[in-house]
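Tertiary structure, described
Here are the chains, one letter per residue:
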Amino acid sequence: MKFHLQILATHLPDAKPAVLLHFDTQRYLFNCGEGTQRFCHENGVNLGKLRNVFVSRINWDVVGGLPGLLLTLAGAGATDVKVHGPTNLTHFLASTRHFIFRHMLKVDTHEFPLDGVEYQDSNVRIQPIAINPTFHNNTSPVGQKRKSEDSTYDAAQLPSKRILLKRMFPAGTFQTNVESSAEFGEILRSVSKITMEPARRDDTVLAFLCKGPEVPGKFDAKKAIQLGLKAGPDFGKLARGETVTAPNGTEVHPSDVIGPSRAGASFLIIDCPSQFYIDDLSSNPVIRSARKSLVCAVHVLGKGVFSQPRYKDFMRTLSGEQLVIDEDRRTGEVVFKGAAEMVGWLRAVDSEVWSGFWEGTPQSEEPLPPNCNVVRPLTTFVVEPAPQIDVSTCLPKFNMLAMNSFEQTAKLASSMEKSLSTGWSVTTLGTGSAIPGRLRNVSSTLVETPRGAILLDAGEATWGQIQRAFMKSTSDITPVASLCLIFISHLHADHHLGTVSVIKAWCAAPAKKSEQLVVVAPFSFHVWLQEYGSVEALNGVRFVSCEDIMEGETGELEWANVVRSRIDDGRWFLDHSSTLESLGILKATLGVDIIKAIPVIHCPHAFGLVLDDDCGHRLVYSGDCRPTPALIEHGQDATVLIHEATLSDAMQTEALEKKHCTISEAIRVGMEMKAHVLILTHFSQRYPKYPHVPALPLPTLSPAGEHLTWSPSVIVASDLMRIPVDDAPERFPKIMKRLGEIFAGEIYREE
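Residue indices begin from 1 for each chain and proceed along its sequence in written order. pLDDT decides what is reported in this predicted model: residues at 70 or higher carry local features, side-chain atom pairs at 80 or more are listed and counted, and totals for whole chains, interfaces and linings draw on all residues regardless. With hydrogens and water excluded, all non-hydrogen atoms of the structure serve as input to the side-chain values.

Our next topic: the overall build of the protein chain. For the protein chain, the count of helices and strands is 24 helices and 30 strands. The criterion used for residue contact is that any of the two residues' heavy atoms lie within 4.5 Å. For the protein chain, the proportion of contacts with a sequence separation of at least 24, taken over those separated by at least 6, is 72%. Summing over all exposed atoms, the protein chain offers an accessible surface of approximately 30300 Å²; the carbon and sulfur share of this is 51%. Helix and strand labels come from DSSP, where a helix needs a run of H or I of at least four residues and a strand needs a run of E of at least two; each type is numbered from the N terminus. Residue burial considers only the protein chains on display, and all accessible areas are found by Shrake-Rupley using a 1.4 Å probe.

Now the structure itself:
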């Protein structure tokens, strides 16, 4: 039987390490950090046969891509997925109940060791091996807890959390394919109201000892002929284990012509996030007993592990090839070639607006131990029939300089004469909707001010986009250190699944602008962040509920009227004094005078943002919505309006059904609001390159019947575009005109 391992991502800015085991009949995924599904989509890795996912620990670097992957698998027709991992796996998945659910998919969990000691099917046997940290001098590293009774998992909570998971993924319960069915919707509402018991932290990491199927012995055709058989059907019967009779009357048994079978090939997948796991890993009796029979071991190593002599000594005890994914050798290699090429072409139009796309740094030339290979993305290791490494499928190294042959003819003279403003600037990190695409990541926008930075939504791999946009080397400090505010508009997954990685990066950043990071989001997001935070600490974060700072007429939004009634009765979603303290922090750091969450027409608990600072700037962000009168009213005279423009004007019916805006509707909102700069974003992945934008002024009337004459400076956003707000009215009309010419003439083409 042929099967192989494939290294997906390594330690990259925009994707985390993952390994895929390929059999003809099935795929098995080991770890699923942020960026995994986009990596597979970009590079043609088919996950259609994936039914089992194994995770080594409950840490966002390992599981951050799993919620989005489950949604994608359900959309592709999967009906049954099983996730295997350590304690707190079910807690993690159940905590996503506010935004991850599909009634045509069944998701089960298998927590080792509570649910058994191994997994086995006709292809493979996978034995999890628990590895625990050893802390010397009775001290624990920052961000980890020493194992104790306080970190022991309370198994009594597992059944109730599995009930929540079953309600989120109740395959077979409903006859309809409509996710918004009344019965399913009522179940989701009831599930969202349940608050889970906190998890008990557990630092255990799982290694996986995998063994392929037994390999049958070889059929000896010469011996069969000597026994009187002729080549033909009898050969096949013997190969299937049947006894046959030769023409000369000799009875021939399979053992007469088939050599002895051999045990299936064994290999290890090891996740060692820190040096504190080395002692337990190297002394583990299961690994020690299997170490001489391995064909390979995959080592996913955290910072400082590979440089430890103890770890290299451990590697030398293992037989076979050693495939290393080392965080200290992180190169930043480009794996999303389409997005990089897009930036390369656009940089030719204006090298400052599209200045950022970190291409990585050369790999260290430090000598490696024997049989040790630092692997690149898409490296393949053939396990059967003959173990060998295959690097022919690895991506070619990307070179941005090769994209600049178009530069001399396309560059605008004004771009060369004027540098970016030192005032407010907007970097559109992700400008696509729903799922990551080849050219556009999902929603996220960074607003930089002289006082600090604001992040508007944070779809999956937002932290990776920040690194690509601002890093020049692995040691660079990005604007995350100046981050003071994160605003999450609503709980659709494409708007917030990157938040945890951003918070973790902020926690680790030196020289922060503020020691407290304020997150303004719907209350349900706070519930989710608290529940996940019991598994992995997220320190220094303060929370403000959008429902507590809600402004504007709610009109047809029944859910918002319920919230308004609650507030009018003097009830707060979060502690009143804590909310006021958080708003005071925003005043002290960003100079925020006014911050309002405006209910918008989209899904329940969807909000836009209006933020005024004490220098006269007004920032307005729509999130996802239909044109919303309250947002227009409160956003009047906006310095910059960032508004969704999901669909083309030809798709008005779908815009109404999905509660999104067409491009012309978004522009009309900017005209009615009298916004000075209007940035259009959140485009459907139908328009990966450049959507058609109607010419201004649009022939339109206000709701009062007045002709609209205001023409904002309209900017069609693309990923990693940096927009100086003060310069935009003068600078961007030329850029937008040039982009229209480029894409209309198909000067840029996708492969």
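Structure's up, so let's keep going.
On to the pattern of salt bridges. Note on definitions: salt bridges are taken to be side-chain nitrogens of Lys or Arg within 4 Å of carboxyl oxygens of Asp or Glu. Counting across every chain of the model gives 27 salt bridges. Note that Arg-262 and Glu-384 form a salt bridge whose closest N and O atoms lie 2.8 Å from each other. A residue pair is termed long-range when its members are at least 10 positions apart, and Arg-262 in the loop between helix H9 (254-257) and strand E12 (266-272) and Glu-384 in strand E16 (residues 380-384) qualify at 122 residues. One salt-bridge network, in which partners are shared between bridges, spans Arg-451, Lys-587, Asp-593 and Asp-614.

With omega at 5°, the peptide bond leading from Phe-112 into Pro-113 counts as cis. In this structure, Pro-113 sits in the loop between strand E6 (106-111) and strand E7 (119-120). The phi dihedral of Asp-457 is positive, around 65°, even though this residue is not glycine. Among the structural elements, Asp-457 can be located in strand E20 (residues 453-458). According to the relative accessible area criterion, Asp-457 is buried, its value standing at 0%. The residue Ala-511 is not glycine, and still its phi comes out positive at about 55°. Here Ala-511 shows up in the loop between helix H17 (499-508) and strand E22 (517-521). A 1.4 Å probe rolled over the protein chains alone gives each residue an accessible area, and that area as a share of the maximum for its type sets the label: buried under 20%, exposed over 50%, partly exposed in between.

Attention now goes to the sheet that holds strand E9 (residues 205-211). The pairing of strands in a sheet happens through backbone hydrogen bonds and is either parallel or antiparallel. One open sheet accounts for seven strands, arranged E7-E8-E9-E12-E13-E14-E15; its pairing is mixed. Edge positions in the sheet fall to E7 and strand E15 (372-374), since each of these pairs with one other strand and no more. At least two bridges found by DSSP between two strands are what make those strands a pair. Sheet topology places strand E8 (residues 125-131) next to E9; seven bridges connect them, and they run antiparallel. The partner of Ile-126 across the bridge, within E9, is Cys-210. Fitting a line to C-alpha atoms yields each axis, with helices limited to the stretch in contact; the angle taken between N-to-C directions then spans 0 to 180 degrees. Helix-sheet contacts for helix H12 (residues 309-316) involve E12, strand E13 (294-301), strand E14 (321-326) and E15, and the interaxial angle to E13 is about 160°.

On to the packing of aromatic side chains, then. A pair of Phe, Tyr and Trp rings is counted when the ring centres sit within 6.5 Å of each other, with Trp represented by its six-membered ring. The angle between the planes then sorts it: under 30 degrees is stacked, over 60 is edge-to-face, the rest tilted. Per the counting criterion, the structure on display carries 21 aromatic pairs. Aromatic pair Phe-525 and Trp-528: ring centres 5.4 Å apart, planes at 50°, arrangement tilted. Linking Phe-525 with Trp-528, this pair stays in helix H18 (residues 523-533), spanning three residues, or about one helical turn. Here Phe-525 and Trp-528 have matching classes, each one buried. Chaining the aromatic ring pairs together yields one cluster made of Phe-3, Phe-23, Tyr-28, Phe-30, Phe-54, Tyr-119 and Phe-208. Over the face of the ring belonging to Phe-336 we find Arg-38, whose NZ or CZ atom lies 4.5 Å from the ring centre. Taking the ring centre of Trp-506 as reference, the NZ or CZ of Lys-512 above it sits at 5.1 Å. Working rule: Lys NZ or Arg CZ, within 6 Å of ring centre, within 35 degrees of ring normal, means a charge sits over the ring.

Right, let's get into helix H19 (residues 558-568). An α-helical segment advances 3.6 residues per turn. Residues three or four places apart therefore align on the same side. Among all positions in H19, only Trp-559, Ala-560 and Val-563 are buried. Taken end-on, H19 shows its buried residues confined to a sector of 95°, consistent with a single buried face. Exposed residues pointing more than 90 degrees away from the buried face of H19 are listed as Glu-558, Val-562 and Asp-568. Turning to H19, the residues buried within the fold contact strand E24 (592-599) and strand E25 (607-613). Gly-570, located one to two residues past H19, shows a positive phi value of around 85°. This arc is taken over the directions from the axis of the helix to the C-beta atoms.

Our focus in this paragraph is the environment of Ser-190. You can see Ser-190 is positioned in helix H6 (residues 182-192). For Ser-190, a relative accessible area of 30% puts it in the partly exposed group. Sequence separation between Ser-190 and Arg-167 is 23 residues; the distance between their C-alpha atoms is 9.8 Å.

Next up on the list: the packing of H17 against H18. Any two packed helices are characterised by the angle at which their axes cross and by the distance between the axes. Axis separation between H17 and H18 bottoms out at 12 Å; the angle between their running directions is 60°. Relative to H18, the element H17 lies oblique. Seen along the crossing, H17 lies across H18 with a hand that is right-handed. Here Thr-499, Val-500 and Ile-503 of H17 lie close against H18, whose contacting residues are Phe-525, Trp-528, Leu-529 and Tyr-532. Roughly parallel here means an angle under 35 degrees, roughly antiparallel means over 145, roughly perpendicular means 65 to 115, and every remaining angle is called oblique. Rotating anticlockwise by less than a right angle from the far helix to the near helix defines a left-handed crossing, while the corresponding clockwise rotation defines a right-handed one.

Strand order in this open sheet of seven strands is E23-E22-E21-E20-E19-E18-E30, and the pairing throughout is mixed. Here the strands that pair on one side only, and so sit at the sheet edges, are strand E23 (541-545) and strand E30 (721-724). Between one strand and the next, the sheet's axes are offset by a mean angle of 20°, whatever the strand orientation. Bridge count between strand E21 (residues 483-487) and E22: three bridges; the pairing is parallel. Paired with Phe-487 across the bridge in E22 is Val-520. Packed onto the sheet, helix H16 (residues 462-470) meets strand E18 (425-430), strand E19 (444-448), E20 and E30 and runs at close to 125° relative to E18.

This paragraph deals with the confidence of the model for the protein chain. Across the protein chain, pLDDT averages 88, with 89% of residues at or above 70. Confidence drops under a pLDDT of 50 for residues 405-419, and excluding neighbours within four residues, the segment shows 32 contacts in the predicted structure. Along the chain, pLDDT gives the predictor's confidence residue by residue, from 0 to 100. For residues 746-751, every residue scores under 50 in pLDDT, and the model assigns this stretch 17 contacts once sequence neighbours within four places are set aside.

A few words now on helix H13 (residues 337-347). For H13, the tally of buried residues reaches nine of eleven residues, placing the bulk of the element in the interior. Where H13 is concerned, the buried positions are Gly-338, Ala-339, Ala-340, Glu-341, Met-342, Val-343, Gly-344, Leu-346 and Arg-347.

Residue placement: Thr-462 occurs in helix H16. In the analysis that follows, any N or O atom pair within 3.5 Å is treated as a polar contact, provided that within protein one partner can donate a hydrogen and the other can accept it, and provided that, for residues neighboring in sequence, both atoms belong to side chains. Polar side-chain contacts of Thr-462 include one of 2.6 Å to the backbone oxygen of Gly-459. Residue contacts for Thr-462: discarding those within four places in its chain leaves Glu-34, Leu-429, Asn-441, Ser-443, Ser-444, Leu-455 and Val-502.

Time to look at the pairing of E9. Among the seven residues in E9, six count as buried, and that is most of the element. Across four bridges, the pairing between E9 and E12 is antiparallel. Counterpart to Lys-211 in the pairing with E12 is Ser-266.

Within the secondary structure, Glu-251 sits in strand E11 (residues 251-252). The class for Glu-251 is partly exposed, based on a relative accessible area of 49%. The spatial distance from the C-alpha of Glu-251 to the C-alpha of Gly-228 is 9.6 Å, given a sequence separation of 23 residues. For Glu-251, the contacting residues outside a window of four places in its chain are Thr-243, Val-244, Thr-245 and Asp-256. Of note is the side chain of Glu-251, whose polar atom sits 3.4 Å from the side chain of His-253.

Turning to the pairing of strand E29 (residues 713-716), a few remarks are in order. In E29, alternate side chains face the same way, and those of Ser-713 and Ile-715 on one face and Val-714 and Val-716 on the other are all buried. As defined by bridge partners, strand E28 (residues 677-681) adjoins E29 across four bridges and the pair is classed as parallel. The residue bridging Val-677 from the neighbouring strand is Ser-713, located in E29.

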